[in-house]
Amino acid sequence: MQLSIYKKIVAISGSLRTGSSNHAILRHLKQMAPPGLEFVIYDGLAQLPHFDPGLDNETPPEAVKAFRQQLSEADGVIICTPEYAFGVPGSLKNALDWTVSSGSLVDKPLSLITASTGGENAHAALLLISGALSANLLPDATLLISYIRSKMDADGNITDRETAERLEHAFSHFLQNL
Ligand SMILES: Cc1cc2nc3c(=O)[nH]c(=O)nc-3n(C[C@H](O)[C@H](O)[C@H](O)COP(=O)(O)O)c2cc1C
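Residues numbered from 1 in each chain as written. Predicted model: local features only at pLDDT ≥ 70, side-chain atom pairs only at ≥ 80, totals over all residues. Heavy atoms only, no water.

Chemist: Mind showing me how you'd approach the environment of lysine 30 here?
Modeler: Here lysine 30 lies in helix H1 (residues 21-31). Overall, the relative accessible area of 41% leaves lysine 30 in the partly exposed class. Note: C-alpha distance between lysine 30 and alanine 95 (65 residues apart in sequence) is 22 Å. For lysine 30, the residues in contact, after removing those within four places along its chain, are Phe39 and Ile41. (Helix = DSSP H or I, 4+ residues; strand = E, 2+ residues; numbered from the N terminus. Buried < 20%, exposed > 50% of the residue type's maximum accessible area, 1.4 Å probe, protein only. Contact = heavy atoms within 4.5 Å.)

Chemist: Before we go on, may I ask you to explain the site of the ligand in this structure?
Modeler: As a structural note, the neighbourhood of the ligand is formed by 15 residues, with Ser15, Ser20, Ser21, Ser116 and Gly118 the closest of them. Serine 116 has a polar side-chain atom sitting 2.6 Å from an oxygen atom of the ligand. One of the side-chain N or O atoms of arginine 149 is found 2.8 Å from an oxygen atom in the ligand. Contact with the protein chains hides 71% of the accessible area of the ligand, taken as 620 Å² for the molecule alone. (Near = heavy atom within 4 Å. Polar contact = N/O pair within 3.5 Å; in protein donor to acceptor, adjacent residues only side chain to side chain. Areas by Shrake-Rupley, 256 points an atom, 1.4 Å probe, with all protein chains shown as cover.)

Chemist: I tried to follow the nonpolar core on my own but got confused; where do I start?
Modeler: One broad trend across soluble globular proteins is that nonpolar side chains are buried collectively. Ranked by internal contacts, the top residues of the largest apolar core, which has 25 residues, are Ile12, Val77 and Leu96. Secondary-structure elements contributing two or more residues to this core are strand E1 (7-13), helix H2 (62-73), strand E3 (76-81), helix H3 (90-97), strand E4 (109-115) and helix H4 (120-132). Dropping the residues within four chain positions of it, valine 77 is found in contact with Val10, Ile12, Leu71, Leu105, Lys108, Pro109, Leu110, Ser111 and Phe174. One finds Ile25, Leu29, Leu167 and Phe171 within the second-largest nonpolar core, a separate group that totals 24 residues. (Core = buried A, V, L, I, M, F, W, Y, C linked by side-chain atoms within 4.5 Å.)

Chemist: Help me understand empty space enclosed by the protein in this model?
Modeler: Left-over empty space is what a probe sized like a water molecule reveals as it rolls over the atoms. Applying the stated criterion across every chain yields a total of 2 cavities of 30 Å³ or more. As a volume, the largest cavity reaches approximately 40 Å³. Along its surface, the largest cavity is lined by Ile79, Leu96, Leu110, Leu112, Leu126, Ile129, Ser130 and Leu133. Mapped by element, the contributors of at least two residues to the lining of the largest cavity are E4 and H4. Element by element, the count of residues in the lining of the largest cavity is highest for H4, at 3 residues. Among the residues making up the lining of the largest cavity, the classes are represented as 7 nonpolar, 1 polar and no charged. By volume, the second largest cavity amounts to about 30 Å³. Secondary structure elements with two or more residues in the lining of the second largest cavity: E4 and helix H5 (161-176). A per-element tally of the lining of the second largest cavity places H5 first, with 4 residues. (1 Å grid on protein atoms, 1.4 Å probe; cavity = no way out; pocket = protein on both sides within 12 Å on 5 of 7 lines; lining within 4 Å. Points joined across faces, edges and corners; volume = space filled by probe spheres on them. Nonpolar A, V, L, I, M, F, W, Y, C, P; charged D, E, K, R; others polar.)

Right, here's the structure in full:
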């Protein structure tokens with residue numbers, strides 16, 4: 001796919017784990033990025049302070065400012081996350097809480113990928129959260145991938161053909177809606 005003008009997307013992994021399968025999915029998508037697309041994998045999740053409404057003012061913490069800046073420059077956002085303890089990983093939820101008042105995701109094309117052992121609960125929660133943030137959630141770019149670790153090898157290459165096809169289809173739909 002060719003993009004007629006330069007576009008930028010920001011991808012956020014909800015896992016901080018070295019060797020994360022969600023990171024691997026984002027790297028896989030990045031490899032498919034067409035010319036003209038800047039694909040940034042946000043790496044500041046662990047540096048964001050805990051959300052505090054008292055700090056959410058005209059001079060928020062630097063890490064928050066930088067995160068919001070990245071989002072404001074993005075034509076679309078991809079979130080790719082596991083589920084922890086039947087919910088959204090705390091670090092990801094924390095990041096999303098910082099976007100409520102800034103409206104950083106309002107009307108932003110959003111692809112949501114939950115890749116986990118099961119993942120149904122985090123996925124359902126993120127669908128609700130994306131509504132609360134008024135993001136432009138793209139249903140055809142939204143996937144739940146269960147048993148993710150059985151669908152990739154130790155190096156993070158996707159070995160399951162159906163999963164690779166679902167990702168390709170979702171990414172293509174996402175790009176068409178930027
Ligand atoms: C503390 C912890 C809690 C977990 N809880 C769940 C869960 O509730 N549901 C689920 O589907 N997977 C759960 N998992 C398994 C993760 O989905 C799995 O480890 C996944 O591969 C993590 O994503 P990553 O490979 O990107 O780090 C849990 C893992 C950890 C470490």
